[in-house]
Amino acid sequence: MSVIYLDYAATTRVCPEAARAALTAMTEEYGNPSSRHALGATAADRLRKNRAIVADRLGCTPEELFFTSCGTEGDNWAIRAAVHFGRHSGKHIITTSVEHAAVLETMKDLAAEGCEVTYLNPDRTGHIRVSDLEAALRPDTVLVSMMLINNETGARFPVEEAAQAIRRAGAPALLHTDAVQAFCKIPFTPTGLGADLVAVSGHKIGAPKGIGALYIKKHLHSRFRPLLFGGGQEAGMRPGTEPTAQIAAFAAACLAYPENTDRIKHIKDYFLDSILAAIPDLEIVSRGDAPHICAVSLPGYPSEMLVRALSDRGICVSSGSACHRGKPSHVFAALGLPKQVLTGTLRISFGPDSTRADADALINALVQIKSERIFVR
Ligand code: PLP
């Protein structure tokens with residue numbers, strides 16, 4: 001059975017360009033970039049070029065881009081190192097209650113170590129109010145961590161305004177943004193956002209799993225705590241022999257991912273308009289500011305069962321972040337949805353290969369499942 005994949009926010013198929021680049025790195029340019037012989041020099045040269053490609057796509061200098069193993073690693077490193085960076089100014093952190101687990105679990109760990117964490121809640125549309133951040137900022141706030149695009153609602157958070165609020169308040173806080181769902185999907189640069197730290201991940205844009213990057217603003221470097229200690233790779237900040245195949249694939253995926261994401265947005269809009277016409281009692285939980293993510297609910301139909309019924313028909317969607325593994329989504333719960341709507345919420349996410357036919361197939365399957373009324377509560 002061919003698969004209709006509408007779960008691009010969870011992960012993506014590796015694009016052919018990335019797969020080819022990884023194969024070349026593994027079988028031809030397989031030297032260790034630190035080796036002094038010709039094969040090592042070739043690998044080092046390729047690494048330098050690939051770093052420049054990823055940095056260019058993110059809009060920073062190559063020196064400000066540090067490869068990590070994933071978005072989770074970038075988030076963990078940024079947050080812990082920022083708290084260490086500000087240790088003489090205070091222990092207060094501000095984040096949102098709807099961040100990815102990579103951020104929230106790190107916050108929990110830091111709270112257990114004595115940090116005080118303030119969580120900003122979203123409004124009913126899933127957005128964060130800058131006024132709430134302004135009210136929470138204190139002279140001892142050392143970090144604000146606010147994602148750029150929420151992975152379940154597609155809502156865009158006011159990171160630029162957060163940077164301005166921190167400056168206005170004169171707080172010593174560094175600004176970290178988890179841009180895993182935003183990278184290549186919406187136009188932004190770290191400087192444009194006013195962010196000090198930006199985490200991204202390769203597998204959301206057609207690179208394999210196991211590669212990400214953290215932007216660290218240049219002026220922080222000399223006092224920023226390395227993630228690991230070892231052989232000096234990544235300017236000594238994240239040592240370990242570079243995963244040249246993953247990095248090659250990441251760079252190739254950056255080049256292959258469309259600059260213009262309007263097509264993805266049009267398919268999402270087509271899906272939302274068509275499904276409302278086909279299933280009038282369906283609720284749109286979030287249209288998403290990002291081009292690729294939206295959330296809908298079939299009130300009374302438990303989303304886990306919908307995901308399974310759709311999967312049986314060859315259609316992949318999500319009942320929330322893939323990282324929740326069956327637990328109700330803290331993001332949808334934070335929107336204050338009525339219980340019937342909350343339990344029936346599905347996240348649908350689109351990618352460069354999505355088509356109107358994919359959207360139609362999902363709508364038809366949901367109409368069919370609904371007509372069977374097997375799950376209704
Ligand atoms: N942050 C967000 C917003 C995400 O959507 C994800 C992955 O789903 C992550 C962080 C974690 O990224 P990775 O899977 O590369 O660790």
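Below or above, wherever it landed, is the structure these notes cover. (Residues numbered from 1 in each chain as written. Predicted model: local features only at pLDDT ≥ 70, side-chain atom pairs only at ≥ 80, totals over all residues. Heavy atoms only, no water.)

### Re the site of the ligand
Taken together, 13 residues are adjacent to the ligand, and Gly71, Thr72, Asp178, Ser201 and Lys204 come closest. Within the side chain of aspartate 178, an N or O atom sits 2.5 Å from a nitrogen atom of the ligand. Coverage of the ligand by the protein chains reaches 91% of its 390 Å² of free accessible surface. With three residues, helix H3 (residues 71–85) is the single largest residue contributor to the shell around the ligand. When grouped by side-chain class, the residues that make up the shell around the ligand number three nonpolar, seven polar and three charged. (Near = heavy atom within 4 Å. Polar contact = N/O pair within 3.5 Å; in protein donor to acceptor, adjacent residues only side chain to side chain. Areas by Shrake-Rupley, 256 points an atom, 1.4 Å probe, with all protein chains shown as cover. Helix = DSSP H or I, 4+ residues; strand = E, 2+ residues; numbered from the N terminus. Nonpolar A, V, L, I, M, F, W, Y, C, P; charged D, E, K, R; others polar.)

### Structural notes on the side chain of histidine 92
You can see histidine 92 is positioned in strand S3 (residues 92–96). Histidine 92 gets classed as buried once you look at its relative accessible area, which sits at 1%. A polar atom in the side chain of histidine 92 sits 2.7 Å from the side chain of threonine 118. In this structure the side chain of histidine 92 is engaged in a polar contact, spanning 2.8 Å, whose partner is the side chain of threonine 141. Discounting chain neighbours no more than four positions away, the residues touching histidine 92 are Glu116, Thr118, Ala136, Arg138, Asp140, Thr141, Val142 and Leu143. (Buried < 20%, exposed > 50% of the residue type's maximum accessible area, 1.4 Å probe, protein only. Contact = heavy atoms within 4.5 Å.)

### Points about the environment of histidine 292
Here histidine 292 shows up in the loop between strand S9 (283–286) and strand S10 (293–297). Sequence spacing of histidine 292 and threonine 42 is 250 residues, and the spatial spacing of their C-alpha atoms is 37 Å. Ignoring sequence-local partners within four residues, the contact set of histidine 292 consists of Gln181, Lys185, Ile264, Lys268, Ile348, Ser349 and Phe350. Side chain to side chain, histidine 292 and glutamine 181 meet in a polar contact 3.2 Å long.

### Re the nonpolar core
Judged by nonpolar contacts, the single largest core of 91 residues is most densely connected at Phe250, Phe271 and Ile348. Among the elements that line this core, the one with the most residues is helix H8 (residues 244–256), at nine residues. Not counting residues within four places of it along the chain, the set of residues in contact with isoleucine 348 comprises Leu6, Phe271, His292, Ile293, Cys294, Val296, Val317 and Leu362. Counting residues in each nonpolar core, the second largest holds 23 residues, with Trp77, Ala78, Leu143 and Phe224 among its members. (Core = buried A, V, L, I, M, F, W, Y, C linked by side-chain atoms within 4.5 Å.)

### Some points on the packing of H3 against helix H4 (residues 101–112)
Closest axis-to-axis distance for the H3/H4 pair is 9 Å, and the angle between their directions is 35 degrees. For the pair H3 and H4, the sense of crossing is right-handed. Contacts between H3 and H4 involve Thr72, Asp75, Asn76, Ile79, Arg80 and Val83 from the first element and Ala102, Val103, Thr106, Met107, Asp109 and Leu110 from the second. Considered class by class, the residues forming the contact of H3 with H4 number six nonpolar, three polar and three charged. (Axes fitted to C-alpha atoms, helices over the stretch in contact; angles between N-to-C directions. Left-handed = near helix turned anticlockwise from the far one by under 90°.)

### Observations regarding unusual backbone geometry
Located in the positive-phi region is cysteine 184, a residue other than glycine, with phi close to 75 degrees. Within the fold, cysteine 184 resides in the loop between strand S6 (174–178) and helix H7 (190–193).

### Topic: H8
The first and last C-alpha atoms of H8 sit 18 Å apart over 13 residues, in line with the 18 Å expected at 1.5 Å per residue. Counting buried residues in H8 gives ten out of 13 residues, a clear majority hidden from the surface. For H8, the complete set of buried residues consists of Thr244, Ala245, Ile247, Ala248, Ala249, Phe250, Ala251, Ala252, Ala253 and Cys254. (Expected span 1.5 Å × (residues − 1).)

### What about the side chain of glutamate 73?
As for its placement among the helices and strands, glutamate 73 is situated in helix H3. For glutamate 73, a relative accessible area of 13% gives the class buried. Within the structure, the side chain of glutamate 73 is placed 2.5 Å from the side chain of serine 69, a separation counted as a polar contact. If we skip the residues at most four places from it in the chain, glutamate 73 touches Thr68, Leu227 and Arg238.

### Considerations on the packing of helix H1 (residues 16–27) against H8
Put simply, H1 and H8 touch, their axes get as near as 7 Å, and they point 150 degrees apart. As far as their axial angle goes, H8 and H1 are roughly antiparallel. The way H1 lies across H8 gives a crossing that is right-handed. Two secondary-structure elements touch here, H1 through Glu17, Ala18, Ala21, Ala22, Ala25 and Met26 and H8 through Thr244, Ala245, Ala248, Ala249, Ala252, Ala253 and Ala256. For the contact of H1 with H8, the residue count by class is eleven nonpolar, one polar and one charged. (Parallel < 35°, antiparallel > 145°, perpendicular 65-115°, else oblique.)

### Quick notes on the pairing of S9
Pairing of S9 with S10 involves three bridges; the strand directions are antiparallel. Each bridged residue has a counterpart across the sheet, and for glutamate 283 the counterpart in S10 is serine 297. Counting the residues that bridge the hairpin from S9 to S10 gives six residues, and of these glycine 288 lies at a positive phi of roughly 80 degrees. (Pairing = 2+ DSSP bridges.)

### Description of the sheet that holds strand S2 (residues 65–68)
Pairing in this open sheet of seven strands is mixed, and the strands run S2-S8-S7-S6-S5-S3-S4 from one edge to the other. Each end of this open sheet is capped by a strand with a single partner; those strands are S2 and strand S4 (116–120). Pairwise comparison of adjacent strand axes, ignoring direction, gives a mean angle of 20 degrees for this sheet. Alignment of strand S7 (residues 197–201) against strand S8 (residues 212–216), held across five bridges, turns out to be antiparallel. Residue serine 201 lies in a different strand from S8, and its bridge partner there is glycine 212. In this fold helix H2 (residues 38–58) packs onto S2, S7 and S8, with an angle of close to 105 degrees to the strand it touches most, S2.

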